[in-house]
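# Chains, contacts and geometry: an overview
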Amino acid sequence: QVQLAESGGGLVQPGGSLRLSCAASGSTSSLYTMGWYRQAPGKQRELAASITSNGITSYADSLKGRFTISRDNAKNTVYLQMNSLKPEDTAVYYCNFRPILGNIYWGQGTQVTVSS
């Protein structure tokens, strides 16, 4: 089993920054993709950013240049640095752990609210 501990969400003004963290613990594998998905009210959950074990990153087109995903393999932790936040970034952000083999795991979600 894998547990995902998320932190870093909160309330921020437009143009501000937040950094989300997600630490995976338990029966983790060396081969996995971790990422952040987000779901705004009334909308489908969408991929914000992901990073593979090899460091290959993917971003939603609208987030490129503003969001940066990174990882710390020693800590099994992924980070999402969110800059120049906009009100439309408001959503519940979910950490995702996707091993090459086995179950996919989701964090409980952390609320990010961008509002003045």
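Throughout what follows, the structure given in this document is the object of discussion. All values reported here derive from a predicted model rather than from experimental measurement.

So, about the sheet that holds strand E1 (residues 2-7). Taken together, four strands build an open sheet; the order of strands is E1-E3-E8-E7 and the sheet is antiparallel. Of all the strands in the sheet, just E1 and strand E7 (67-72) have a single pairing partner and so form its edges. Each adjacent strand pair in this sheet contributes to an overall mean axis angle of 15°, direction not counted. The pairing of E7 with strand E8 (residues 77-82) spans six bridges and is antiparallel. Bridge assignment links threonine 68 to a residue of E8, and that residue is glutamine 81.

Relative to the assigned elements, asparagine 76 resides in the loop between E7 and E8. With 61 residues separating them in the primary sequence, asparagine 76 and glycine 15 have C-alpha atoms 29 Å apart. In contact with asparagine 76, not counting residues within four places along its chain, are Cys22, Ala23, Ala24, Thr28, Tyr32 and Met34.

A few words on the nonpolar core. Trp36, Leu80, Met82 and Tyr93 are the most contacted members of the largest nonpolar core, which has 29 residues in total. Elements with a contribution of two residues or more to this core: E1, strand E3 (18-26), strand E4 (32-39), strand E5 (46-52), E7, E8, strand E9 (91-99) and strand E11 (110-114). Once residues within four sequence positions are removed from consideration, methionine 82 is found in contact with Gly16, Ser17, Leu18, Leu20, Arg66, Phe67, Tyr93 and Val112.

A full pass over the atoms with the stated rule returns three aromatic pairs. Ring centres of tyrosine 37 and tryptophan 106 lie 5.0 Å apart, and the angle between their planes is 65°; this geometry places the pair in the edge-to-face category. One end of the pair, tyrosine 37, is in strand E4; the other, tryptophan 106, is in strand E10 (residues 105-106), with 69 residues separating them in the sequence. Taken together, the aromatic side chains of Tyr32, Phe97 and Tyr105 make up a single cluster linked through ring pairs. Seen from the ring of tyrosine 94, arginine 45 lies directly overhead, with NZ or CZ sitting 3.8 Å from the centre. It is arginine 45 that lies over the ring of tryptophan 106; its NZ or CZ is 4.7 Å from the centre.

Once that is clear, we can look at the pairing of E8. By the criterion of burial, E8 is predominantly enclosed, with five of the six residues buried. In terms of strand pairing, E3 meets E8 through six bridges, oriented antiparallel. Bridge pairing in E8 links cysteine 22 to valine 78. The turn linking E7 back onto E8 is made up of four residues, and asparagine 76 within it adopts a positive phi angle of 50°.

Parameters and conventions
Residues numbered from 1 in each chain as written. Predicted model: local features only at pLDDT ≥ 70, side-chain atom pairs only at ≥ 80, totals over all residues. Heavy atoms only, no water. Pairing = 2+ DSSP bridges. Helix = DSSP H or I, 4+ residues; strand = E, 2+ residues; numbered from the N terminus. Axes fitted to C-alpha atoms, helices over the stretch in contact; angles between N-to-C directions. Contact = heavy atoms within 4.5 Å. Core = buried A, V, L, I, M, F, W, Y, C linked by side-chain atoms within 4.5 Å. Buried < 20%, exposed > 50% of the residue type's maximum accessible area, 1.4 Å probe, protein only. Phe/Tyr/Trp six-rings, centres within 6.5 Å; stacked < 30°, edge-to-face > 60°. Lys NZ or Arg CZ within 6 Å of the ring centre and 35° of its normal.

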